[in-house]
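One-letter residues, chain by chain:
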Amino acid sequence: QWFVADCRQQLPALSLALMALLLAMAANIGAGSMTAGFRQTFSDWLEQRLSAELYISPQNPAQARQLQDWLARQDVAAVLPNWQVALSIKGWPADLYGVIDHPTYRQHWPLLEALGDAPWDQLATQDTLMLSEQLARRLKLHLGDRLDMATPQGQWSPQLIGIYADYGNPKGHLLVNAAHLLQHWPTLTPNRFNLYLAPAAIPALLKTLQEDIAIDDSRIVDQTRLKGWSNQVFERTFAATAALNSLTLGVAGVALFISLLTQSQSRLGQLAPLWAMGVTRRQLMLLNLGQTWLLALLTLVLAVPLGLALAWCLNTVINVQAFGWRLPMRVFPWQLAQLLGLAMLATLLASAWPLFKLYRTQP
């Protein structure tokens, strides 16, 4: 009864420090869940979108035509040429891409929303297009709407049949069938070739390519290097998150330490009768540590749902307002366990010196 009553009696003095711990933990859970979710989503997205083993970008239209003829004669599993046009749609910069009809897009290009059961078949045969999530939000377009675009051959209004994720791209991204694109830009040549072949065959192909076509090495990128660059940029971007977690928990720990240190002297009068009744100073120290941990644990139990609510808000509201795309909500139990462990460790460190002073106090 004394243990619980004394916990209640300490709450007014510790409420500010416990509130700091609550907010620090909620912020860490929210930001950590968003960052870890973005990391996993980004990795999955890279695996899906960067599925080709080799990417070749010609320097000019003449080289693009030469490269297209040369690749048609090579022993390659698949060659997917891309055509690109830079546009401004209602004031928003965007890139329009033309692609051929190939099973790779059905397998490696997941759609967030689609009109009908076979959107890729519609893209190949009908006057349709797909576009990125952020562009759809900016233009307030929905499936079935038509998008007006100015072309050299006049106005073009294909129907929207699919919306896909395009994380981190500041520009809008549109996808149409190459045959439809070339009807409106007949002089366009491919700006990139995606090659699917066995990794062991890449060195021989590159050697033959250098001998037959004078193309700069900087315009040839393999899948491994491209993914490595992307992951390096991502890790640098979010390197501050771990430091922020430590900093906020440290601030909460300092606040708890000051509160415990301040009330350690005033509580001696309440602990003295227990000591006089035969409770040892070591037992009193352990009882005080148990009280501090109990209050911290109750605070952390409240912080978990608050942190998850913050993560949902960051993913579905803040991210959409800032970047135009929404991240899927993911929960990582191991990350929550690590944060709870760090918070309990910070509580232990904050209470260590006041408890040591209690243990060394003379009768």
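In case you missed it, the structure is sitting above this.
These figures come from a predicted structure and were not determined experimentally. (Residues numbered from 1 in each chain as written. Predicted model: local features only at pLDDT ≥ 70, side-chain atom pairs only at ≥ 80, totals over all residues. Heavy atoms only, no water.)

**So, the packing of helix H10 (residues 268-276) against helix H11 (residues 281-323)**
The contact between H10 and H11 brings their axes to 10 Å, and the two run at 135°. By the angle class used here, H10 and H11 are oblique. In the crossing of H10 with H11, the sense of the turn from one axis to the other is right-handed. Contacts between H10 and H11 pair Leu271, Leu274 and Trp275 from the former with Arg281, Leu284 and Asn288 from the latter. (Axes fitted to C-alpha atoms, helices over the stretch in contact; angles between N-to-C directions. Helix = DSSP H or I, 4+ residues; strand = E, 2+ residues; numbered from the N terminus. Parallel < 35°, antiparallel > 145°, perpendicular 65-115°, else oblique. Left-handed = near helix turned anticlockwise from the far one by under 90°. Contact = heavy atoms within 4.5 Å.)

**Describing unusual backbone geometry**
Note: most peptide bonds trans; most residues except glycine with negative phi. One non-glycine residue, Lys90, lies in the positive phi region at around 55°. By the element assignment, Lys90 lies in the loop between strand E2 (78-89) and strand E3 (92-99). Classification of Lys90 as exposed rests on a relative accessible area of 64%. The phi dihedral of Lys140 is positive, around 55°, even though this residue is not glycine. If you trace the backbone, Lys140 turns up in the loop between helix H5 (133-139) and strand E6 (149-151). (Buried < 20%, exposed > 50% of the residue type's maximum accessible area, 1.4 Å probe, protein only.)

**Comments concerning the pairing of E3**
Across the 8 residues of E3, 6 count as buried, placing the element largely inside the fold. The pairing of E2 with E3 spans 7 bridges and is antiparallel. Its bridge partner being in E3, Trp83 is matched across the sheet by Gly98. (Pairing = 2+ DSSP bridges.)

**Overview of the side chain of Thr299**
By secondary structure assignment, the location of Thr299 is in helix H11. Beyond its immediate chain neighbours, meaning those up to four positions away, Thr299 contacts Leu18, Leu21 and Leu22.

**Some points on the pattern of salt bridges**
The full count for this structure, using the stated rule, is 4 salt bridges. As a salt-bridge pair, Asp121 and Arg106 come within 2.6 Å of each other at their nearest N and O atoms. Here the residue Asp121 occupies a position in helix H4 (residues 119-125), and Arg106 occupies one in helix H3 (residues 103-108), the gap between them amounting to 15 residues. In this structure, Glu133 and Arg137 form a salt bridge, with 3.0 Å as the shortest nitrogen-oxygen distance. Taken together, the residues span about one helical turn, with Glu133 and Arg137 both in helix H5 at a distance of 4 residues. (Salt bridge = Lys/Arg side-chain N within 4 Å of Asp/Glu carboxyl O.)

**Brief notes about the nonpolar core**
Note on soluble globular proteins: their nonpolar side chains tend to be buried together. Counting 28 residues, the largest nonpolar core has Phe38, Trp120, Met130, Tyr167 and Leu175 as the members making the most contacts within it. Mapped by element, the contributors of at least two residues to this core are helix H1 (2-49), E2, E3, H4 and strand E8 (159-164). In this structure, Val85, Leu87, Ala136 and Val176 belong to the second largest nonpolar core, which totals 22 residues. (Core = buried A, V, L, I, M, F, W, Y, C linked by side-chain atoms within 4.5 Å.)

**Observations concerning the pairing of strand E9 (residues 172-177)**
Across the 6 residues that make up E9, a large majority, 6, are buried. Side chains Gly172, Leu174 and Val176 of E9 all project onto a buried face; the interleaved residues His173, Leu175 and Asn177 project onto the opposite face, where all are buried too. Across 6 bridges, E3 lies against E9 in parallel orientation. Within the sheet, the bridge partner assigned to Gly98 lies in E9 and is Val176.

**Section: the packing of aromatic side chains**
Going through the model one piece at a time under the given rule, you end up with 11 aromatic pairs. Ring plane angle 65° and centroid distance 6.3 Å describe the contact between Phe38 and Tyr167, whose orientation is recorded as edge-to-face. Taken together, the residues span a long stretch of sequence, with Phe38 in helix H1 and Tyr167 in the loop between E8 and E9 at a distance of 129 residues. Accessibility assignment for this pair places Phe38 and Tyr167 in one class, buried. With a centroid separation of 5.3 Å and 85° between ring planes, the pair formed by Tyr167 and Trp325 is classed as edge-to-face. Taken together, the residues span a long stretch of sequence, with Tyr167 in the loop between E8 and E9 and Trp325 in the loop between H11 and helix H12 (333-360) at a distance of 158 residues. Chaining the aromatic ring pairs together yields one cluster made of Phe38, Phe42, Trp45, Tyr167, Phe323 and Trp325. (Phe/Tyr/Trp six-rings, centres within 6.5 Å; stacked < 30°, edge-to-face > 60°.)

**Some details on the sheet that holds strand E1 (residues 54-56)**
Ordered by their spatial adjacency, 9 strands build an open sheet running E4-E8-E5-E9-E3-E2-E10-E1-E11, and the pairing between neighbours is mixed. Of all strands in the sheet, those with a lone pairing partner are strand E4 (113-114) and strand E11 (220-222), marking the two edges. In this structure, E4 lies alongside E8, joined through 2 bridges in antiparallel fashion. By the bridge assignment for E8, Glu113 is matched with Ile163.

**Description of a nonpolar patch on the surface**
Nonpolar side chains collect at one region of the surface, where Trp293, Leu342, Leu345, Leu348 and Leu349 lie side by side and expose about 460 Å² of accessible area between them. Mapping Leu349 onto the fold places it in helix H12. Overall, Leu349 belongs to the exposed group, its relative accessible area being 59%. (Patch = residues over 30% accessible without salt bridge, like charges linked within 9 Å, V, L, I, M, F, W, Y side chains within 5 Å. Areas by Shrake-Rupley, 256 points an atom, 1.4 Å probe, with all protein chains shown as cover.)

**Section: the side chain of Thr128**
Mapping Thr128 onto the fold places it in strand E5 (residues 128-132). Given the relative accessible area of 1%, Thr128 is considered buried. In this structure the side chain of Thr128 is engaged in a polar contact, spanning 3.1 Å, whose partner is the backbone oxygen of Gln122. Not counting chain neighbours up to four residues away, the residues in contact with Thr128 comprise Gln122, Leu123, Pro158, Gln159, Ile161 and Val176. (Polar contact = N/O pair within 3.5 Å; in protein donor to acceptor, adjacent residues only side chain to side chain.)

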